[in-house]
Amino acid sequence: MAEPETEPNASKSKRRPIVRLGIFLISHSFFFSLVLSTAAVLALLLLPVLAKNTYISENSLMPGSVAPVLSDEEVAEANRLIDDLTALNSKPVGSEIGSRRRVAQYMSNSGAEVSFHKFHPQLNQFHPLRFFSSPDSGRIEQNVSCALYGVNTVGIIRAPRGDGKEAIVLVTPLNSAKVSKNEALSLGIAYSVFSLLTRVPWLAKDVIWLVADSQFGEYAAVSAWLRDYHTPVFSGWGTIDAEMCPESNNVHVMEEKHFMERMTYDGFKRAGTMAAALVMKVGDQAYQYEDSLSIYAEASNGQMPNLDLINTVNYLAVHRQGLRAKVERLRSFLDMGWLETLGEMFESLGHYARSALGIPTGPHGAFRDYQVDAITVEFLPKVNTLGNRRQNDFLLRSGRLIEGVVQSVNNLLEKFHQSFFLYLLTSPSKFVSVGVYMIAFALLVSLLPMVAASLFVNAGNSDDSLSTEKPAHSATAADSAPSVTASESSPLLSAADSGSLATCAGCITLNSWKWLFAAKKSFVVYLWGSFVSLLPYFICQIPNCTPTSSFIIWVLLSVLSLVVMYMILASPFSDANDSRSQKEWAILKSVTLSAAFIGLCLMSIINFATAEIGGLLIVPMCLMAHPLKLDVKTRTLRTMLRAACNLVMGIVGFPPVTFIVLKGAFEGFGSISVGDFWSWVESLWVWNSATYLYIGVVHLPSWVLCIHILFHNC
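Here we summarise the structure given alongside this text.

Rules used throughout
- Residues numbered from 1 in each chain as written.
- Predicted model: local features only at pLDDT ≥ 70, side-chain atom pairs only at ≥ 80, totals over all residues.
- Heavy atoms only, no water.
- Helix = DSSP H or I, 4+ residues; strand = E, 2+ residues; numbered from the N terminus.
- Buried < 20%, exposed > 50% of the residue type's maximum accessible area, 1.4 Å probe, protein only.
- Contact = heavy atoms within 4.5 Å.
- Areas by Shrake-Rupley, 256 points an atom, 1.4 Å probe, with all protein chains shown as cover.
- Axes fitted to C-alpha atoms, helices over the stretch in contact; angles between N-to-C directions.
- Parallel < 35°, antiparallel > 145°, perpendicular 65-115°, else oblique.
- Left-handed = near helix turned anticlockwise from the far one by under 90°.
- Nonpolar A, V, L, I, M, F, W, Y, C, P; charged D, E, K, R; others polar.
- Salt bridge = Lys/Arg side-chain N within 4 Å of Asp/Glu carboxyl O.
- Pairing = 2+ DSSP bridges.
- Expected span 1.5 Å × (residues − 1).
- Bend = angle between axes of the 7 residues up to and from the residue.

**A look at the overall build of the protein**
Now for step 1: Broken down by element type, the protein carries 27 helices and 11 strands.
Now for step 2: In the protein, buried positions account for 50% of the 714 residues.
Now for step 3: Counted over contacts in the protein with a minimum sequence separation of 6, partners at least 24 positions apart contribute 85%.
Now for step 4: If you sum the accessible surface of the protein, you get close to 33300 Å²; carbon and sulfur atoms cover 61% of it.

As structure tokens, this is what we get:
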């Protein structure tokens, strides 16, 4: 009878394979953390090697299947528009109205419906309740002058073979105050295609040509039009915000209004659901050998359009029009030379740096906020000064490219969905899919819970050995700890022998809840990080405050609030006399690693590139954190090197110091001030970048906890 009883007991006591694997990983956490961190860095550096050739997934696009029909006739009409716009620069009085009037007249002559959209500039100010949303479309800020407004010119072609439910958007920026040569060329390219589309019989989607008034910024004009496009406005163009901004008596405004009433339609004109959008510009750069095309694709927080849209533009540009295509880096929205230099050093991984900033690289980013696939294409002629023959060839090739893209999008029976939305572009013809580039991040963050579990288990084993050596102290600790009833503890103590019953009871009552002290401290620090992220909203209310003064106020309030919250909520002296607190730093480090793991995983959902680059900074800092007091006591080469690395990472890991070091390394430290960090952070919240949340809610609390571990009084 004894043998059949022992076999089931042996099978029950045998651990499952997943449990044995977990125990093996925890027991060898140092080795596996070294292997995983090395593999993560190698996987990140090998992404350009793992990139695949791009391909068009949606068969209905059929780029280049039809020969372009744009001819010299449309080019001649475009040249007339260019000449008329450039001639207006010699007439400073009323030239702003004249440029809009001239564009509207050409649109109307081509047979399109023309309307005007009036908008007021939005005040770019941090507001926590509007961080992931746009302000109301029909409201303007009270401290914005009503005399400041822009007027977008909109032309709509109704498709002869469509039902008006879908539309393609073409966007060209125009500074109505003074039209530059490049803006006139971009308008000429758009008009050559627009006038052609009014006569073609195959058009199945409406075409919208938006001439965005860029005197307050290209993005602001496009964003304002999109807000009103998706929000019903039951008024004419001149009565928007009529209560706050009454009609002006300016003679030029009245003259423009008279022209609008005579030549255009009143009200806000709309077409169907936007299938895709294309922003067209002509750049200033000159290439010596050939005409080129730069593609800007990133929207806010690293969002990308469907890869098929970029593939279509790249295929038509390279294989049909002979243009040299490239994916451009962030330049126009952030004038920071050190970011550009850093991107040049890591050209193949430059998409990570652009996406991590969370700032759109052009006005196309406004479309992505409404789930519309859009890119900005910038044509770059090989010479700055174009002669008549050279200009005609440039307009013809550029216009045929836009015509081909419109033809391909017109062939779609549904929105872009076949190809990737999550990818990294290493070049216009090379990409890394989400299943490949997430491997580096998974390897990097997977070691955090493993090391956290190892630290927690080792801290518990250390306390158990301490309890065995000092049974009297264990009994005292058990008496002072929260009591556990016999019925509750009996299942947990059944495996223990009767001689160690009191010792195990002390371990259960104290060690089971020891992590709560560390969790409480960690919770307070992360709560403080959220409070620090909200402080700029109140600091911005201070009048006449310079960036340097704002940064100093921010730092002082942050330090004061941390001390107050920690003293009130964290109760640092509640367990000061506990003999077991000498291992409290290990449990605190375990909780810190777990919190950093959760924060990075959540941030990867919002902006993967931010989480990847942030993990490269946070993970080594959290793993290396160790009390300096213990390293100084030991005084071996290993401990002194660890202490030096911890001090360096603790200093460099502070976000303002990281910013100053990176900027000074590429631009020099002569012109750097602490106010530059405030200006950079301000640019992040202006564009609702999730990188700002990462700095305040994930990175800064993790850094504070690591500093707390370094100077722990163990």
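On we go from here.
**Looking at the packing of helix H21 (residues 584-606) against helix H27 (residues 690-710)**
Helix-helix packing is described using two parameters, namely the angle between the two axes and the distance between the axes.
Now for step 1: As a packed pair, H21 and H27 sit with axes 10 Å apart at the nearest point and diverge in direction by 170 degrees. Here H21 lies roughly antiparallel to H27, going by the angle between them. Contacts between H21 and H27 involve Trp585, Leu588, Lys589, Thr592, Ala596, Gly599, Leu600, Met603 and Ile606 from the first element and Ala690, Leu693, Tyr694, Val698, Ser702, Leu705, His708 and Ile709 from the second.

**Remarks on the packing of helix H5 (residues 72-87) against helix H7 (residues 181-197)**
Now for step 1: In the contact formed by H5 and H7, the axes pass within 8 Å of each other and the chain directions differ by 145 degrees. In this structure, the crossing between H5 and H7 has a hand that is right-handed. Contacts between H5 and H7 involve Glu74, Glu77, Ala78, Leu81, Ile82, Leu85 and Thr86 on the former and, on the latter, Lys181, Ala184, Leu185, Leu187, Gly188, Tyr191, Ser192, Ser195 and Leu196.
Now for step 2: Split by residue class, the contact of H5 with H7 holds nine nonpolar, four polar and three charged.

**What about the pattern of salt bridges?**
Now for step 1: The full count for this structure, using the stated rule, is 15 salt bridges.
Now for step 2: Residue Asp206 is joined to Arg158 by a salt bridge in which the shortest nitrogen-to-oxygen separation is 3.6 Å. In this pair, Asp206 is assigned in strand S5 (residues 206-213) and Arg158 in the loop between strand S3 (150-157) and strand S4 (166-174), connecting sequence segments 48 residues apart.
Now for step 3: Take Asp206: its relative accessible area is 2%, and that puts it in the buried class.
Now for step 4: The residue Lys281 makes a salt bridge to Glu218 at a minimum N-O spacing of 3.5 Å. With Lys281 in strand S6 (residues 273-282) and Glu218 in helix H8 (residues 218-229), the pair connects residues that are 63 residues apart, well separated along the chain.

**What to know about the pairing of S3**
Now for step 1: The buried fraction of S3 is high, at eight of eight residues.
Now for step 2: On S3, burial covers both faces: Gly150, Asn152, Val154 and Ile156 on one face and Val151, Thr153, Gly155 and Ile157 on the other are all buried.
Now for step 3: Both strand S2 (residues 113-119) and S3 contribute to a ladder of seven bridges, which runs antiparallel. Pairing of His117 across the sheet is with Asn152, part of S3.
Now for step 4: Across five bridges, S3 lies against S5 in antiparallel orientation. Looking at S5, one finds that Val154 is bridged to Leu210.

**Focus on helix H19 (residues 515-539)**
Now for step 1: Over its 25 residues, H19 extends 37 Å from the first C-alpha to the last, a length consistent with the 36 Å expected when each residue adds 1.5 Å.
Now for step 2: Where H19 bends most, the angle comes to about 25 degrees, and this point is Ser533, followed within four residues by the proline Pro536.

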